[in-house]
Every structure is written in C-alpha cells, then in structure tokens.
Amino acid sequence: MFMIEKGVITQLVEEKLASSDNYLVDVVIKPGNLIIIEIDNDEGVCIDDCAALSRYVEEHLDREVEDFELEVGSAGVTSPFKVLRQYVKNIGNEVEMLLKSGVKLTGVLKSADDNGVVVTVEKQVKPEGSKRKVTVQEDQSYTFDEIKYTKYLIRFK
C-alpha cells in the first residue's frame, strides 16, 4: 500500500506559505491517509488562507494513485505551542507551562529564542521580620528540553 509521505506534504505547505505571513506548525498523517495540516500567523489565520492551502496541496497530490482526506486549520488558541515562532508571537501574554519534572506554572512569557524561554511568575514570599506575605515577580528560565508543553492562558475576568 502506498503511503502519503509527511515530508512531501511539509514541502508543499512550505512552498505555498513562503510568500505569505502564515507558517507551518505541524503536519500529521493518520491511518487511512487523513492529512491534518496546522498553520499559524502572527496576526491570526483567515479561513481563505486555509482554503487556498488546501486547494494547493490537493492539486499536487493524485487521488488516483492514493486517496486521502485533507484538513487544514489554524493552531487552536488552547493548543500547546509547537514551534518557536508561536512562543515569540506570545511574548507579553500569560501562558501555562507544564515542565517535564511535573511542575505546572503560569506566568507572562518574557522572551523566547533558540535556547529556551523566560517566564515572569508571581510568587508569595514572606520578607524577614514581616508578618504578611508579599507578591514578588521573578523571572524563570527554561530550556525547551525541560518543557513538556506551553500554551496560551485564557482568563475570563
């Protein structure tokens, strides 16, 4: 049985997106040749972009050779970040992070680069000689190897 190659799909998507502000987040190929393409954009993805990308990929695959189902969508607001550009896009936003050590934290994403991220978290500390705890902000750095997932934190106030 002929399988659709992830590398082929990835290359098609990157060719199509090269001239746009959209970028590839993930390509997943599930059994039965269900191809799921996830894209993102620093300003947000519009449905027309998803439709155009879907048509482009379909034009370059031959259903006669191998039938497939195709879904193109934007990275969900609640989906974990998968690429550095999503971290960069969310600098200044509140995020939820789960570390591989099992520690879960929330804070404001301060910076992100190839080495990892810096998150500003609020902590309750009791200054020496004080009866009451005070809230202080602390910058914590993590490498991508230490992070299980990071996602945008939605708060309803």
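Residues numbered from 1 in each chain as written. Predicted model: local features only at pLDDT ≥ 70, side-chain atom pairs only at ≥ 80, totals over all residues. Heavy atoms only, no water.

Some words on the domain arrangement of the chain
Many structure descriptions define interface size as the accessible area lost when the parts assemble.
Next up, step 1: Domain parsing of the chain yields domain 1 (4–75) and domain 2 (79–150).
Next up, step 2: Here the C-alpha centroids of domain 1 and domain 2 sit 32 Å apart.
Next up, step 3: At the interface, ten residues of domain 1 touch five residues of domain 2.
Next up, step 4: In terms of surface lost to domain 2, no three residues of domain 1 exceed Tyr23, Val25 and Asp42, which account for 55% of the buried area on that side.
Next up, step 5: Our count for the contact surface shared by domain 1 and domain 2 stands at four salt bridges.
Next up, step 6: Across the pair aspartate 40 and lysine 89 runs a salt bridge, and its minimum N-O distance is 2.8 Å. (Domains from an automatic or database assignment. Contact = heavy atoms within 4.5 Å. Buried area = accessible area lost by both parts, 1.4 Å probe. Salt bridge = Lys/Arg side-chain N within 4 Å of Asp/Glu carboxyl O.)

Regarding the packing of aromatic side chains
Next up, step 1: Taken as a whole, this structure holds two aromatic pairs when the rule is applied.
Next up, step 2: Here phenylalanine 81 and tyrosine 87 contribute two aromatic rings whose centre-to-centre distance is 5.1 Å and whose plane-to-plane angle is 80 degrees, an arrangement assigned as edge-to-face.
Next up, step 3: The exposure class assigned to phenylalanine 81 is buried, which follows from its relative accessible area of 11%.
Next up, step 4: Plain terms: the ring middles of tyrosine 87 and phenylalanine 144 are 5.1 Å apart, the flat faces sit at 70 degrees to each other, and that makes the pair edge-to-face. With tyrosine 87 in helix H3 (residues 84–89) and phenylalanine 144 in the loop between strand E7 (134–142) and strand E8 (147–152), this pair connects stretches of sequence that are 57 residues apart.
Next up, step 5: Tyrosine 87 sits in the buried class, given a relative accessible area of 5%. (Phe/Tyr/Trp six-rings, centres within 6.5 Å; stacked < 30°, edge-to-face > 60°. Buried < 20%, exposed > 50% of the residue type's maximum accessible area, 1.4 Å probe, protein only. Helix = DSSP H or I, 4+ residues; strand = E, 2+ residues; numbered from the N terminus.)

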